[in-house]
Every structure is written in structure tokens, then in C-alpha cells.
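An overview of the molecular structure
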Amino acid sequence: LYSLSGKPGQLLSDPEAFPPGTSACDWSAMALALSGQEGDYEAYLNGLKAYVEEAYARDGGLDRVKSTPYHRIALTVMALGGDPTAFGEKPDGTAINLIEDGIWSFSGNIGAQGLNGWIYALLTLDAWGREVPEGAAVTRQDMVQAIVSAQEPEGGFGLAAGAPDVDITAMALQALAPYASEHSGAINAAL
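All figures in this text were calculated on a predicted structure; none of them were measured in a lab.

Parameters at a glance
- Residues numbered from 1 in each chain as written.
- Predicted model: local features only at pLDDT ≥ 70, side-chain atom pairs only at ≥ 80, totals over all residues.
- Heavy atoms only, no water.
- Phe/Tyr/Trp six-rings, centres within 6.5 Å; stacked < 30°, edge-to-face > 60°.
- Helix = DSSP H or I, 4+ residues; strand = E, 2+ residues; numbered from the N terminus.
- Buried < 20%, exposed > 50% of the residue type's maximum accessible area, 1.4 Å probe, protein only.
- pLDDT = per-residue confidence, 0-100.
- Arc of directions from axis to C-beta.
- Contact = heavy atoms within 4.5 Å.
- Core = buried A, V, L, I, M, F, W, Y, C linked by side-chain atoms within 4.5 Å.
- Salt bridge = Lys/Arg side-chain N within 4 Å of Asp/Glu carboxyl O.
- Axes fitted to C-alpha atoms, helices over the stretch in contact; angles between N-to-C directions.
- Parallel < 35°, antiparallel > 145°, perpendicular 65-115°, else oblique.
- Left-handed = near helix turned anticlockwise from the far one by under 90°.
- Nonpolar A, V, L, I, M, F, W, Y, C, P; charged D, E, K, R; others polar.

This part takes up the packing of aromatic side chains. Enumeration over the complete set of coordinates arrives at 3 aromatic pairs. Seen in terms of ring centroids, tryptophan 27 and tyrosine 120 are 5.6 Å apart; in terms of plane orientation they differ by 50 degrees. Their pairing is tilted. Remark: tyrosine 120 occurs in helix H5 (residues 115–128) and tryptophan 27 occurs in helix H1 (residues 23–34); sequence separation between them is 93 residues. A relative accessible area of 31% places tryptophan 27 in the partly exposed class. On the accessibility criterion, tyrosine 120 (17% relative accessible area) is buried.

Okay, structure coming up:
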């Protein structure tokens, strides 16, 4: 991997050109890792951890309205070999748990920014692969139901009701794939 300056092997360790915590860079780092490309994933994880710790120190978390920054960063951390349930420290010295803070005890409504909040929460939870803790505010089934119930009459899904689009439909299909036996009608309609 080359940095934007053309230096071999430097892209993921060049926070000036490839800043951890930005949407485009996080998705790119995740794609590189999952495709088996060699890179300095430890350097990117360290930069991402610094970004997360700074956001928690400054704002008390990643975002008060949008849950998807928690999901994107948790997915990136997992893809790069890190632990999203102990990713840095809060100012009080406790571990930052991106799964807890972005799903179980998210300060807002997971779906407030649109259907992608529910989609990415479910994708994150399924990638994490653990059971939902007892007493959690939302379950996998709640997330699946929120997605399925947002399906438009013609079969697509959209960020907001009444506006289906290919991107959100594709992401909804990915999130629903593990639940195909229970929701084959919704999946077939979307396809």
C-alpha cells in the first residue's frame, strides 16, 4: 500500500493523508484488511484509538444523535483485529465499549438518522457474534423487525420512508442475510 505521497507501505500509518476516524478512511482500512492486503493495521488501530479517546474526552462519546459512527468504528476495529468492547479508555479510566455505547446504551434512538442506523447496528452485532446481554434495550429481533417493517411496497428500502434506493436496499439485504429463513419474502421482494 502506498501513501498518497507515493511512499510504499505508508498509507495506513500516515494520519495526515489517511486520517483514522473519518468515514472514507475507516471503510477503506476495513476493506483493505478484509481483502487480505498487507498494511500497517496496528498503526491505523492506534490512530483510531486516539481519535476515539479524544472524542470521548471532548464530547463524552462519538455522537449523540447518530449511532453509525460507533458501528463503523466497531466494524473497522474488528476487521483490523482489535476488540471493540475494550477500545481505549474514557477519561474516568474505564474501557470504551463501542458495542455497548453504540447499541445497548446508545443515548439516542438508533434509527433516528434513518434506517441505516438499524442496519449497521445489526451488521455490527452479527459481526461481533456474541449474545445480546440480558436486559438490553434492543435485541437482534428488534433490529431485524425495524428493518423489515421499513420495506417499501415495491420491495426496496430507503434511508427515510417513501424514498427507496439501491444503496440502502443492498445494505438491508446484507443485514437480513443471516435471517433469510425467517424473512425470505422480504428478501425476495427487495431483490
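Summing up the model confidence of the protein chain, the mean pLDDT is 92 and the portion of residues at 70 or higher is 95%. Of all helices and strands in the protein chain, the one with the weakest mean pLDDT is helix H4 (residues 98–104) (94), whereas helix H3 (residues 68–79) scores best (98).

As for its position among the elements, glycine 39 is in the loop between H1 and helix H2 (41–59). Classification of glycine 39 as partly exposed rests on a relative accessible area of 36%. Each C-alpha atom, one on glycine 39 and one on asparagine 97, is 25 Å from the other, the two residues being 58 residues apart in sequence.

Quick look at helix H6 (residues 140–148) now. Those residues of H6 not exposed but buried are Arg140, Met143, Val144, Ile147 and Val148. End-on, the buried residues of H6 take up no more than an arc of 130 degrees, which puts them together on one face. Elements in contact with the buried residues of H6: H4, H5, helix H7 (166–176) and helix H8 (184–190).

Before going further, it helps to spend a moment on the nonpolar core. One finds Leu98, Ile103, Ile119, Met143 and Ile147 to be the most contacted residues of the largest nonpolar core, which totals 55 residues. Looking at this core, the elements with two or more residues in it are H1, H2, H3, H4, H5, H6, H7 and H8. Counting residues per element, this core draws most heavily on H5, which supplies 9 residues. Dropping the residues within four chain positions of it, isoleucine 103 is found in contact with His71, Leu98, Ile110, Ala121, Thr124, Leu125, Val138 and Met143.

The next subject is the pattern of salt bridges. Counting across every chain of the model gives 5 salt bridges. The residue arginine 72 makes a salt bridge to aspartate 26 at a minimum N-O spacing of 2.9 Å. Note that arginine 72 is positioned in helix H3 and aspartate 26 in helix H1, a separation of 46 residues in sequence. Considered together, arginine 72 and aspartate 26 belong to a single accessibility category, that of buried residues. The partner of arginine 58 in a salt bridge is aspartate 59, with the nearest N and O atoms 3.0 Å apart. Through salt bridges with shared partners, one network takes in Glu54, Arg58 and Asp59.

Our focus in this paragraph is the environment of glutamate 154. As for its position among the elements, glutamate 154 is in the loop between H6 and H7. Sequence separation of glutamate 154 and glutamine 113 is 41 residues, and the distance between their C-alpha atoms is 23 Å. Residues contacting glutamate 154, with those up to four places away along its chain left out, are Pro164 and Ala189.

As a further point, take the packing of H3 against H5. Contact pair H3 / H5: the axes reach a minimum separation of 9 Å and the direction vectors enclose 25 degrees. Between H3 and H5, the crossing angle belongs to the class labelled roughly parallel. As H3 packs across H5, the resulting crossing turns out to be left-handed. Residues Thr68, His71, Ala74, Leu75 and Met78 of H3 lie in contact with H5, whose contacting residues are Asn116, Gly117, Tyr120, Ala121, Leu123, Thr124, Ala127 and Trp128. For the contact of H3 with H5, the class distribution of residues is 8 nonpolar, 5 polar and no charged.

Turning our eyes to something else, we now look at the environment of proline 69. Mapped onto the secondary structure, proline 69 falls in helix H3. With relative accessibility at 13%, the residue proline 69 sits in the buried group. As for proline 69 and glycine 102, which are separated by 33 residues in sequence, their C-alpha atoms are 8.1 Å apart. Setting aside chain neighbours within four positions, we find proline 69 in contact with Leu62 and Asp63.

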